[in-house]
Amino acid sequence: MPLSYLSPLLNPNSLRMFFLGFAAGLPILLVFSTLSVWLFKAGVNRATITLFSWVGFAYSFKFIWTPIVDNLKIPILGNLGHRRSWLILSQLMIIFSLIFISFTDPKNSLIFTIIGAIFIAFSSATQDIVLDAFRIESAPKILQGALSSMYLTGYRIGMIVAGAGSLWIASFLGTEIYDQKVWQQVYQIMAVLMLFGVITVFYSSEPKIKRDIEKKYNQKIKFFFAFLFSLAGFILCYSYFKDLINSKEPIINFINEFIKITFCFLIFFLIIYLLIKTNFINKESAKNAYAKPVLDFLKRYGSKATSILLLIGLYRISDVVLGVMANVFYIEKGFSIAEIATYSKFFGTIATIVGGIIGGLASVHLGVMRSLFIGALISALSNLLFAWLAIITADVKILAFVITADNIASGFAGATFIVYLSALTSIKFTATQYALFSSAMLFLPKLIAGYAGSFVNLFGYPTFFVLSAIIGVPVLFLIIWINKTVKISKR
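Note that this is a predicted model, so its numbers are computed, not measured.

Draft legend 1. Fine view of empty space enclosed by the protein. Inspection of the entire model under this criterion finds four cavities of 30 Å³ or more. Approximately 1,200 Å³ is the volume found for the largest cavity. Looking at the lining of the largest cavity, the elements that each hand over two or more residues are helix H3 (33–41), helix H8 (110–137), helix H9 (144–173), helix H17 (317–333), helix H18 (337–365), helix H19 (368–391), helix H20 (396–424) and helix H21 (430–449). It is H17 that contributes the most residues to the lining of the largest cavity, nine residues altogether. Taken together, the residues of the lining of the largest cavity sort by class into 26 nonpolar, 14 polar and 10 charged.

As structure tokens, this is what we get:
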């Protein structure tokens, strides 16, 4: 392969994006995969562990506070530049959140572990908002495939460190008998590693993008407090985490929960509306923050916007629904934590990196829509391998094969999807629109994934894995339809 073919991956912007991707990938497994092992060893039941995946709604709802990230200049840190200052702040928030959760013990007080996980997810989602905008603003459209691939590569290496690395450390320190101090040390080590992200930001340049940020400082502060009031209303409404802990029966009716979430969003926007009507915040400020990014997207795609949003909401559903059960499945199948760390979190993540690089290059040379179709197809098919693994005798070689195939598929699909979302995003509303897209991507999969443990309790692993593949089939037809009817508009 000629070196010139790889040159887009080796330019300074791509290399910086690799290290920033590492900072983005480090926290996510610490509130999902690694946390599920910690909870299982602490004696938390299977259904409750999968309900913990709802902590991931921080990633789904991040568009709510994205306007703050886009419009509020941070005092003191703001001198570093708008994107860089928010990156530093979010990374410091992640570090302190990891230290906080390290002192909790889910065996004795699950509520504090939940609070710590929410803090990590919120801080990590905020970092993702800024990084997505930073990546898109740092290079022209022609280089977005390369930046996405390097970002995803760094992201996956961060996941290796947080996934395999954390479990190796835990295994070395001793996990046969539950000891909270083992997990305390694991999470504190991960907090120290986040400093690599902080250092990278200081060696990165602020994107040269002109921003329409309000000049009146008092109005910014009002807007920020309006967001806090609204978010508080949302959190008070959306209080099912308390119900989760007190509930003896964790199986919750899906439709009722969906209605509850919708109602909470209405409460959020009602508070915003009342604050505008009482002149607490400027009407034009709210319009710029929430309405204009949405109207821009609708104007560019018109009646086809619904189809695009449907694709975004369904594309990763097979991966996400299966993913929340993976670690618990491995442990219950009889594999050790060291084996899970080696084959799932180390070699599996390397396979994801390989898939991500192939996916990024495929997007450049085959086209985004063809690559999206291939990614959706192989992601659904790879889930069937888990159904096979569930019905045979536990074998490390077969585990390695299944994990490698699944992670190559996941990496390929993830890279092509990032390129697709980046192409949809207008440069005028980079952070807000991308956050809306990525939020839509995670909302429905995370909502369904919360019931994965309860479903396995009722029907078993083989049926669960087969259905997780089947629900990805409609995506294939949707991609074909969109490819024929929708063209990416100018940014």
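Draft legend 2. Representation of a nonpolar patch on the surface. Among the surface-exposed residues, Leu377, Leu381, Leu384, Val466, Leu467 and Ile470 lie close enough to one another that they form a single nonpolar patch of about 460 Å² accessible area. Where the nonpolar patch is concerned, the elements lending two or more residues are H19 and helix H23 (461–470). Of note, Val466 is situated in helix H23.

Draft legend 3. Structural context of the packing of aromatic side chains. Using the criterion set out here, one finds 20 aromatic pairs in the structure. With a centroid separation of 5.1 Å and 85 degrees between ring planes, the pair formed by Phe18 and Phe19 is classed as edge-to-face. Grouped by ring-pair contacts, the aromatic residues Phe329, Tyr330, Phe386, Phe455, Phe459, Tyr461, Phe464 and Phe465 constitute a single cluster.

Draft legend 4. Representation of the pattern of salt bridges within the structure. This structure, assessed with the given rule, holds two salt bridges. With a shortest N-O distance of 3.1 Å, Asp296 and Arg300 are connected by a salt bridge. With Asp296 and Arg300 both in helix H15 (residues 283–301) and four residues apart, the pair spans about one turn of that helix. Both residues of the pair, Asp296 and Arg300, count as buried. Of the charged contacts, one joins Asp319 and Arg316 as a salt bridge, the two residues approaching to 2.6 Å between their closest N and O atoms. For the pair shown, Asp319 and Arg316 are each scored as buried.

Draft legend 5. Structural context of the side chain of Asp105. With respect to the helices, strands and loops of the structure, Asp105 is situated in the loop between helix H7 (82–102) and H8. We note that Asp105 is buried and unpaired, the nearest opposite charge coming from Lys107 at a distance of 7.3 Å. Of note is the side chain of Asp105, whose polar atom sits 3.0 Å from the side chain of Asn108. There is a polar contact of 2.7 Å between the side chain of Asp105 and the side chain of Tyr178. Sequence-distant contacts of Asp105, that is, excluding residues within four places in its chain, are made with Leu110, Thr113, Tyr178 and Gln180.

The rules behind each value
Residues numbered from 1 in each chain as written. Predicted model: local features only at pLDDT ≥ 70, side-chain atom pairs only at ≥ 80, totals over all residues. Heavy atoms only, no water. 1 Å grid on protein atoms, 1.4 Å probe; cavity = no way out; pocket = protein on both sides within 12 Å on 5 of 7 lines; lining within 4 Å. Points joined across faces, edges and corners; volume = space filled by probe spheres on them. Helix = DSSP H or I, 4+ residues; strand = E, 2+ residues; numbered from the N terminus. Nonpolar A, V, L, I, M, F, W, Y, C, P; charged D, E, K, R; others polar. Patch = residues over 30% accessible without salt bridge, like charges linked within 9 Å, V, L, I, M, F, W, Y side chains within 5 Å. Areas by Shrake-Rupley, 256 points an atom, 1.4 Å probe, with all protein chains shown as cover. Salt bridge = Lys/Arg side-chain N within 4 Å of Asp/Glu carboxyl O. Phe/Tyr/Trp six-rings, centres within 6.5 Å; stacked < 30°, edge-to-face > 60°. Buried < 20%, exposed > 50% of the residue type's maximum accessible area, 1.4 Å probe, protein only. Lys, Arg positive; Asp, Glu negative; His and termini not counted. Polar contact = N/O pair within 3.5 Å; in protein donor to acceptor, adjacent residues only side chain to side chain. Contact = heavy atoms within 4.5 Å.

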